[in-house]
Amino acid sequence: MICLSKNLTDEYINMFAQGANLRVYDYINYPNNKDILIRSMGKRKLIHQCWKDKKTFYYMDSGYVGNYKSKSNPHGWKLWHRIVKNNLTQTEILDTNPKRWNNMKLDIKPFHKKGRNIIIAAPDEKPCKVYSEDYSTWANKTKTKLEQYTDRPIIIRERVKQRSERIVQAPLTQLLEDAYALVTFNSNSSVEAVLNGVPVFTLAPNAADPVALKDLSKIETPFFPEDDLVRKWVYSLANGQFTKSEMLNGYAFKKVVT
């Protein structure tokens, strides 16, 4: 296995490589007969080629949970980074050991049926390109489709690009207080919604797939997963993400690759 680091300067890739004692290459002139670790959805051509060739790759990006303000992360720092085999996000329940999740001290609110609005969480441009979706029309197209099946108020929540603004403003958390359901493409907004007791519809491979629906015609009968399923799901997400120190000490490599 080798690690691909843009201009050899990607700090997260480099830390993982150091902890696993792996070679680091730029995205040009690397041996193509090895499994690879990459980061960023901007590498969509390489990702698609791996899928086409059935070549093993590992993908790193922001973690699923724990990167916003909480008891264990009072400053809302980006502490966690997911690493996934042959996919861009974990779409099934895997390791359900509860220890890591419990150490994060995050809350899970019970599901409710009191919300009024349907929230459409507009995606970022990069995942849309990966899955050949038109970023500029997705939100309005989704709203139009929903209007075939419901008369509920529909709010399009545009994604704030700067993470510092998202942490301070926390617009999604506020919207979820009166949300009946959340519809998203593949963003982590789905995870935040489930943790706040709001049913979710995902329209691309998504971390919330085990606890969500994908058919918008069922918007009036959303999925309310049992508490036991939600807990197994969050345990699995927690076990699929890692800190910098866990990359440097080799734990992330041992957990994901070996």
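Before reading on, note that the structure itself is shown above.
Reading guide: rules and limits
Residues numbered from 1 in each chain as written. Predicted model: local features only at pLDDT ≥ 70, side-chain atom pairs only at ≥ 80, totals over all residues. Heavy atoms only, no water. Phe/Tyr/Trp six-rings, centres within 6.5 Å; stacked < 30°, edge-to-face > 60°. Helix = DSSP H or I, 4+ residues; strand = E, 2+ residues; numbered from the N terminus. Lys NZ or Arg CZ within 6 Å of the ring centre and 35° of its normal. Pairing = 2+ DSSP bridges. Buried < 20%, exposed > 50% of the residue type's maximum accessible area, 1.4 Å probe, protein only. Polar contact = N/O pair within 3.5 Å; in protein donor to acceptor, adjacent residues only side chain to side chain. Salt bridge = Lys/Arg side-chain N within 4 Å of Asp/Glu carboxyl O. Axes fitted to C-alpha atoms, helices over the stretch in contact; angles between N-to-C directions. Contact = heavy atoms within 4.5 Å.

So what's going on with the packing of aromatic side chains? Which residues, and what values?
Inspection of every chain in the model, using the stated rule, returns seven aromatic pairs. A ring pair is formed by Phe-111 and Phe-224, whose centres lie 6.0 Å apart and whose planes are at 80°; its orientation type is edge-to-face. Of this pair, Phe-111 sits in the loop between helix H3 (99-104) and strand E6 (117-121) while Phe-224 is found in the loop between strand E9 (200-202) and helix H9 (227-238), placing the two residues 113 residues apart along the sequence. Cluster of aromatic residues (ring-pair linked, three or more members): Trp-51, Phe-57, Tyr-131, Trp-138 and Phe-185. One Lys or Arg, Lys-43, reaches over the ring of Tyr-27 and ends 4.7 Å from the middle of that ring. Directly above the aromatic system of Tyr-180 lies the positively charged group of Arg-152, at a separation of 3.6 Å from the ring centroid.

How would you summarise the sheet that holds strand E10 (residues 241-242) if you had to cite specific residues and measurements?
On the basis of which strands lie adjacent, the open sheet formed by six strands has the order E2-E1-E3-E4-E5-E10 and mixed pairing. Looking at the sheet topology across the chains shown, the edges are occupied by strand E2 (24-25) and E10. Pairing of strand E1 (residues 2-4) with E2, which is carried by two bridges, proceeds in the parallel orientation. Paired with Cys-3 across the strands is Val-24, a residue of E2.

Any details on helix H1 (residues 11-20)? Residues and values, ideally.
All of the buried residues in H1 are Tyr-12, Ile-13, Met-15, Phe-16, Ala-17 and Ala-20. Where H1 begins, the capping side chain belongs to Asp-10, and its oxygen is found 3.1 Å from the backbone nitrogen of Tyr-12. Positive backbone phi, at 60°, marks Asn-21, one or two positions downstream of H1.

Which residues make up the pattern of salt bridges, and what are the values?
Where charged atoms from two side chains of opposite charge come close, those side chains can pair. Taken as a whole and assessed by the stated rule, the structure comprises 12 salt bridges. Measuring nitrogen to oxygen at the nearest pair gives 3.8 Å for the salt bridge that ties Glu-11 to Lys-244. With Glu-11 in helix H1 and Lys-244 in helix H10 (residues 244-248), this pair connects stretches of sequence that are 233 residues apart. Notably, a salt bridge pairs Glu-147 with Lys-143, separated by 2.6 Å at the nearest N-O pair.

Give a description of the sheet that holds strand E8 (residues 179-184) that names residues and reports values.
Read from one edge of the open sheet, four strands run E7-E6-E8-E9, paired in parallel fashion. The open sheet is flanked by strand E7 (154-157) and E9, the only strands paired with a single partner. The sheet shows a mean angle of 20° between the axes of neighbouring strands, taken without regard to direction. With four bridges connecting them, E6 and E7 associate as parallel partners. Bridging across to E7, Ile-118 finds its partner in Ile-154.

Describe in detail the environment of Tyr-59, supporting the description with residues and values.
Tracing the backbone shows Tyr-59 in strand E4 (residues 57-62). For Tyr-59 and Ile-38, which are 21 residues apart along the polypeptide, the C-alpha to C-alpha distance reads 5.2 Å. With residues near it in sequence (within four places) discarded, Tyr-59 still touches Leu-37, Ile-38, Arg-39, Ser-40, Met-41, Ile-47, Arg-82, Ile-83, Val-84, Asn-87 and Leu-88. A distance of 2.4 Å separates polar atoms of two side chains, one belonging to Tyr-59 and the other to Asp-61.

Geometric descriptors of this kind do not, in isolation, establish any biological role.
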